[in-house]
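What follows is each chain in one-letter form.
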Amino acid sequence: LHAGAVRRSPIMEEVLQLATAAGVVFLAARSYVSYKRYMARREDRLREMAKDESLRLQKEPRVFTSAELKGYAGHDISRPLLLALKGRVLDVTNGVDYYGPEGPYRLMAGKDASKAFAMMSLKEEDMHNDLSGVDEEHLKILQDWYDKLTAKYPTVGTLKTD
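Just so we're clear, the structure is a prediction, and the values are computed from it rather than from any experiment.

Caption draft 1: Structural context of the nonpolar core. Val92, Tyr99, Met108, Phe117 and Leu149 are the most contacted members of the largest nonpolar core, which totals 19 residues. Of all the secondary-structure elements, those providing two or more residues to this core are β2 (82–85), α4 (114–119) and α5 (136–152). Sequence-distant contacts of Met108, defined by excluding residues within four places in its chain, comprise Leu83, Tyr99, Ala113, Ala116, Phe117, Ser121, Leu122 and Met127. If you look at the next biggest cluster of nonpolar residues, it comprises 9 residues, including Leu57, Ala84, Val156 and Leu159.

The following block contains the structure:
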């Protein structure tokens, strides 16, 4: 020992080590809780941005290109979830369980999937708006889906024909 140093008993050393470990655990837990709160607030702000954009689009519908519509497929929570049907763009954010990234119809989001609706198909190759060769029976199915979805979800624009 050097001059002026205090000699600690082994029990005191163990108590100090436990106190230090407890402090580290407390600090880590507090940091984790702070991080989770921050992320929850951030997610709330992003969802609020999507809601604001949706309301703006409902008041002033716009024309979307296919490339623009892809940005509304549900991967960015700061944007509403959109899909098009027969060129009409709908905000299906309230149907996120169906059309969102984890939903069974996720392939339909962010595009005009008129053929998929007509054929009642979930195949990637049917996720487009080309209805050439689709028979009358399937066009009636498409119209039924169109009537149902346009009654359920707000219109926020139209899709520019390519």
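Caption draft 2: Region of the structure containing the packing of aromatic side chains. All told, the structure shown has 6 aromatic pairs when counted by the stated rule. Aromatic rings pair up to connect Tyr98, Tyr99, Tyr105 and Tyr153 into one cluster. Positioned above the aromatic ring of Phe64, the side-chain terminus of Arg62 is 4.1 Å from the ring centre. In this structure, Lys86 packs its charged tip against the face of Tyr146, placed 4.7 Å from the ring centre.

Caption draft 3: Geometry of the layout of surface pockets. By volume, the largest pocket is sized at about 360 Å³. Together, 20 residues line the largest pocket, and Ala50, Arg79, Pro80, Leu81 and Thr93 are the ones closest to its centre. In terms of residue count, helix α1 (residues 10–59) provides more of the lining of the largest pocket than any other element does, 6 residues in total. The residue makeup of the lining of the largest pocket, split by class, is 9 nonpolar, 6 polar and 5 charged. Reported here for the second largest pocket is a volume of approximately 260 Å³. Taken together, 14 residues line the second largest pocket, and the ones lying closest to its centre are Tyr99, Tyr105, Phe117, Trp145 and Lys148. Listing elements by their share of the lining of the second largest pocket, those giving two or more residues are α3 (96–99), α4 and α5. When residues in the lining of the second largest pocket are grouped by element, the largest group, 4 residues, is from α5. Its residues assigned to classes, the lining of the second largest pocket shows 11 nonpolar, 1 polar and 2 charged.

Caption draft 4: Structural view of the sheet that holds strand β3 (residues 88–91). Strand order in this open sheet of 4 strands is β1-β4-β3-β2, and the pairing throughout is mixed. In this open sheet, the two strands that pair with only one neighbour each are β1 (62–64) and β2. In this sheet, neighbouring strand axes are inclined to one another by 40 degrees on average, regardless of whether the strands run parallel or antiparallel. Where β1 lies against strand β4 (residues 155–159), 3 bridges are found, and the strand directions are parallel. Opposite Val63, over in β4, you have Thr158 as the bridge partner. Relative to the sheet, α1 contacts β1, β3 and β4, its axis offset from that of β4 by approximately 70 degrees.

Scoring rules and cut-offs
Residues numbered from 1 in each chain as written. Predicted model: local features only at pLDDT ≥ 70, side-chain atom pairs only at ≥ 80, totals over all residues. Heavy atoms only, no water. Core = buried A, V, L, I, M, F, W, Y, C linked by side-chain atoms within 4.5 Å. Buried < 20%, exposed > 50% of the residue type's maximum accessible area, 1.4 Å probe, protein only. Helix = DSSP H or I, 4+ residues; strand = E, 2+ residues; numbered from the N terminus. Contact = heavy atoms within 4.5 Å. Phe/Tyr/Trp six-rings, centres within 6.5 Å; stacked < 30°, edge-to-face > 60°. Lys NZ or Arg CZ within 6 Å of the ring centre and 35° of its normal. 1 Å grid on protein atoms, 1.4 Å probe; cavity = no way out; pocket = protein on both sides within 12 Å on 5 of 7 lines; lining within 4 Å. Points joined across faces, edges and corners; volume = space filled by probe spheres on them. Nonpolar A, V, L, I, M, F, W, Y, C, P; charged D, E, K, R; others polar. Pairing = 2+ DSSP bridges. Axes fitted to C-alpha atoms, helices over the stretch in contact; angles between N-to-C directions.

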